[in-house]
Structure formats: C-alpha cells, structure tokens
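# Geometric and topological summary
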Amino acid sequence: MTLKLSARQEWVMQSEIRNMSIECDRIGGINLSQGVCDTEIPLSVRREAQEAIESGVNTYTHYAGFQELREAIAVKQKKFTGMKVNSETEIIVSAGATGALYCACLALLNPEDEVIVFEPFYGYHISTLVATGAVPVYVRMSPPDWSFLMADLEKIVTSKTRCIIINSPANPSGKVFTETELKQLADFAARHDLFVFTDEIYEHFLYDGRIHIPPATLPGMWDRTITISGLSKTFSITGWRIGYCICDARWAQTIGYFSDLVYVCAPAPLQTGVAKGLLTLETSYYENLSNEYAKKRDLICNGLSMAGLKPNIPQGAYYVLADISSLPGKNSKERAMYLLRKTGVACVPGEAFYHDDSGEYLARFCFAKDDDVLAEACGRLASLKSL
Ligand code: PLP
C-alpha cells in the first residue's frame, strides 16, 4: 500500500498539553495542565440552553449566528469597552475563538504571509497559522512583566509581514498589555500596514485593578483589527464552542463564509443560552469572576513559591509560568514529568510555548480549578521540599 497521511499531518501533532493530560489521567493526578474551567456555568445560561433544546431550537442557524446573539455581543461589547459594533454586518459567531481565528486566517492571509507572534505563545495560534500556510515570526517577551522591545519588531518586519497577533490577557504569561504598549503596536501596525488579530478570550480575567483595552478601540485601529473572543472561559463552557470575531464588514462577510464552510454554524441551542447570559448577567458577575480568580492566583502562586518553584505573578488570564529549574531533568518535559511522578501534579512543560529551547526552565500551571483542588495541589507541591 502506498497510502499515507497528508503532508499536513505534522501540523496537528499531539500537543504537549494533551500529552500531559493523558499522563496525568493515567496516574490519577491533579491536572493543572489544561485550561478547562471547573467553575460553575451561570444558571440562566444553562436553563436557557436546555429550554431552547426542548422548544425546538435545534437546526442550523445563520452562518454568522443568531441575530439575537450577535445583538447581545454588540451590547456587551459597548458596555465593557465602548466599542460600537453593527451586529448585522460586523460580528461573526463561530466555533469558539479557535474557529474564529482559523476562519480569519483563511479569509485574510495568503500562504507565506508572515505573522508576528509574541513569545511565549499559545500553541494553537502557531498551529492555526501554519495550517493555513502563514509563517509565524517571533518577538520575545521577558519576565517578570513580559515586556518587549519595539526595536525587536522593527528588526523582523519584512515586505511579507501581513499581520500581528496580540493576546491580552495572555496565555501562558498572564500579561495584560498596557495602553502605552498597545498604542506603540497600533502605530507599528499602521506604519507597516498590517492586520491585527487580537485574541481577547480572557478579557474578564484581570487582577490588581488592571483594565482590558481592545486594540480595535485605539484611534485608527478599527479598519485593520480583527477582535476575537468567546464565552468558553467567561461562562465556563469550553465544550459548547461559542466564540466570535468582530471586525469591519468588508472582512466579516468572508470570514463568515469560511466559518460556514468549516462549521456551518455554532450549536444553535447553545447560542441561545449564551445570548441570555450576555443580556442578563449583571456587571457584578464579571467583577466576581476576576475577584474569585485573583484568589485562586494567589493560592497557586503561594504554593509554587513555598515549593521553591518561583512564579511569575500573572496580571490576567488563569495560568502561571513558574521557574522549575530546581527540578532534575535535561529539559522542561523531563522536569514536568519528574514533578508529576513525585507529586501527582501535572503542568505543561515550558518548551510548548517557545519556538526554540527558551522554555527549558519554565512550566505552566492552570489555576482555573476549585479552591480545594488548588489547595490539594499546593499541599502536594510542598512535599517537593522534603524529597
Ligand atoms: N485563545 C486562547 C489564548 C486560549 O488560551 C484558549 C483556550 O485555552 C482559546 C483561545 C480557546 O478558546 P475557544 O474555546 O473559544 O476556542
């Protein structure tokens, strides 16, 4: 037989995150590797989705999503960011933020277009770019605050550069880009005539009074910015697959056509549930989320410090990158495996977030877990000291 997998298969190789989860399940450990939230889904969201199924909202929707959901997204966007969005022409609901980014890449990038990505990065961003033929180029952010140099961006920009990806609050670093940084990036994007894809999935996970500024709201940025977000994290519905992008109508329609091609539509009854949540949950829901997660952040960061794994305190999102250089092993994978074997706590080896070996001494711990699970994880990590 001469049949074999396509040349594309290498882009979707088993991710480190999935690997660690499988290994963790095998030994019955505590999984702090995957970004799956244990927190409760808002009751109104759940109820509305259940009622939608019962009342027959089970067929295909418009490729861009139910108009009622797009309207709800527009209302929420206005309320939290001041962005005024036309819900009929400027919003495409897709299969999660992941689906929205994939469709934006298909619609707006050509093979061999270069895309600037900040490092440490979220692996799906890279895989999505590569899968659609684009070429990621990297700008390094440095701990503890994950700052970067505009000079580094100027060094790597070429005539092929077409886009820059911003993820704020960021996975895995927890960085929340400041207004000054975003303005510098906006100026850079305008000077080099680039698209800006901005992944804002953690927009409601902000600590120590930090604020989220969507790049699309900066002067002159609307036309070139594709704002991508979703409710996976905010409503703890990672499996529902509801996300969206917001952008100028001239891009939105084609992104929508690609979303139609790949997904047809996001799940109909779940769209209804999400719309209800967006329209009815008070501002306090979102504030509580940040407060609740700030406590979880403090819990895990204390635990990591006590165990001698120095954390880089995240400013947002729900991951912490910690220094695991004190653990034995040749690379971050061996160190993470050592930690799992000795303590039963799974994390993601730092190498998953860098294109070279710069993540060797880092590991990512997800703190979107129940407090008692986090406390148990911290207890187990503390046992490292006595080994
Ligand atoms: N973007 C980032 C930065 C993420 O960390 C994740 C999930 O971990 C996603 C997107 C996935 O979002 P969705 O579930 O809406 O596809």
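Procedures and definitions
Residues numbered from 1 in each chain as written. Predicted model: local features only at pLDDT ≥ 70, side-chain atom pairs only at ≥ 80, totals over all residues. Heavy atoms only, no water. Helix = DSSP H or I, 4+ residues; strand = E, 2+ residues; numbered from the N terminus. Rg over C-alpha atoms; globule rule 2.2 N^0.38 Å. Buried < 20%, exposed > 50% of the residue type's maximum accessible area, 1.4 Å probe, protein only. Contact = heavy atoms within 4.5 Å. Salt bridge = Lys/Arg side-chain N within 4 Å of Asp/Glu carboxyl O. Phe/Tyr/Trp six-rings, centres within 6.5 Å; stacked < 30°, edge-to-face > 60°. Pairing = 2+ DSSP bridges. Domains from an automatic or database assignment. Buried area = accessible area lost by both parts, 1.4 Å probe. Polar contact = N/O pair within 3.5 Å; in protein donor to acceptor, adjacent residues only side chain to side chain. Axes fitted to C-alpha atoms, helices over the stretch in contact; angles between N-to-C directions. Near = heavy atom within 4 Å. Areas by Shrake-Rupley, 256 points an atom, 1.4 Å probe, with all protein chains shown as cover. Nonpolar A, V, L, I, M, F, W, Y, C, P; charged D, E, K, R; others polar.

### Things to note about the overall build of the protein chain
Scanning the protein chain from terminus to terminus reveals 12 helices and 13 strands. Against the 2.2 N^0.38 benchmark of 21 Å for 387 residues, the protein chain shows a C-alpha radius of gyration of 21 Å, consistent with a compact globule. By its C-alpha atoms, the protein chain is 60 × 60 × 55 Å across when sized along the principal axes. Buried residues in the protein chain amount to 55% of all 387 residues. For the protein chain, the proportion of contacts with a sequence separation of at least 24, taken over those separated by at least 6, is 74%.

### Some words on the pattern of salt bridges
Scanning the entire structure with this criterion turns up 20 salt bridges. Here Asp208 and Arg297 are joined by a salt bridge, their closest N and O atoms 2.9 Å apart. One end of the pair, Asp208, is in the loop between strand S6 (195-199) and strand S7 (225-230); the other, Arg297, is in helix H10 (residues 283-306), with 89 residues separating them in the sequence. Asp208 sits in the exposed class, given a relative accessible area of 56%.

### As for the packing of aromatic side chains
In this structure the tally under the stated criterion is 19 aromatic pairs. For the pair Tyr207 and Phe367, a centre-to-centre distance of 6.4 Å together with 50° between the ring planes defines the contact as tilted. Within this pair, whereas Tyr207 is found in the loop between S6 and S7, its partner Phe367 is found in the loop between strand S13 (362-366) and helix H12 (371-382), the two being separated by 160 residues in sequence. Using a relative accessible area of 1% as the deciding quantity, one classes Tyr207 as buried. Residues Phe235 and Tyr285 carry aromatic rings whose centres are separated by 6.0 Å and whose planes lie at 70° to one another, so their mutual orientation is edge-to-face.

### Some words on the sheet that holds strand S9 (residues 311-312)
Strand order in this open sheet of four strands is S9-S10-S13-S12, and the pairing throughout is antiparallel. Two strands in the sheet have a free side with no partner beyond their single neighbour: S9 and strand S12 (348-349). Direction of pairing for strand S10 (residues 319-323) relative to S13: antiparallel, over a ladder of five bridges. Bridge pairing in S13 places Leu321 opposite Arg364.

### Details of the domain arrangement of the protein chain
Taken domain by domain, the protein chain holds domain 1 (7-36 + 284-386) and domain 2 (43-280). Taking only C-alpha atoms into account, the centre of domain 1 sits 25 Å from that of domain 2. Facing 28 residues of domain 1, the contacting portion of domain 2 comprises 36 residues. Between domain 1 and domain 2, a total of about 2800 Å² is buried, with carbon and sulfur atoms accounting for 56% of that surface. Applying the counting rule to domain 1 against domain 2 returns 17 residue pairs in polar contact (both at pLDDT 80 or more). Secondary-structure elements contributing two or more residues to the side of domain 1 that touches domain 2 are H10, S10 and S13. Per element, the largest residue contribution to the side of domain 1 that touches domain 2 is seven residues, and it comes from H10.

### Quick look at the sheet that holds strand S5 (residues 161-167)
Within the open sheet, the seven strands sit side by side as S2-S8-S7-S6-S5-S3-S4. Their pairing is mixed. In this open sheet, the two edge strands, each paired with only one partner strand, are strand S2 (91-94) and strand S4 (135-140). Mean inter-strand twist for the sheet, computed between neighbouring axes without regard to direction, equals 25°. Pairing analysis gives four bridges linking S7 to strand S8 (residues 243-246), with the strands arranged antiparallel. Residue pairing across strands places Gly230 opposite Gly243, the latter belonging to S8. Across the face of the sheet, helix H7 (residues 179-191) comes into contact with strand S3 (114-119), S5 and S6 while running at roughly 165° to S5.

### A short note on the site of the ligand
Of all residues adjacent to the ligand, which total 13 residues, the nearest are Thr98, Asp199, Tyr202, Ser232 and Arg241. Side-chain polar atom of Ser232 to an oxygen atom of the ligand: 2.6 Å apart, as the coordinates give it. Between the ligand and Lys233 there is a distance of 2.8 Å, counted from an oxygen atom to a side-chain nitrogen or oxygen. Starting from 400 Å² of accessible surface for the ligand in isolation, the protein chains cover 92%. Tallying contributions element by element places helix H4 (residues 96-108) first for the shell around the ligand, with three residues. A class-by-class count of the residues in the shell around the ligand yields five nonpolar, five polar and three charged.

### A look at the environment of Cys37
Summarising the element assignment, Cys37 is placed in the loop between strand S1 (30-31) and helix H2 (43-54). A relative accessible area of 9% means that Cys37 is categorised as buried. The spacing of Cys37 and Ala95 is 58 residues in sequence and 18 Å in space, taken between C-alpha atoms. With sequence-adjacent residues up to four places away left out, Cys37 is seen in contact with Ser232, Lys233, Ser236, Thr238, Tyr293, Tyr318 and Ala368.

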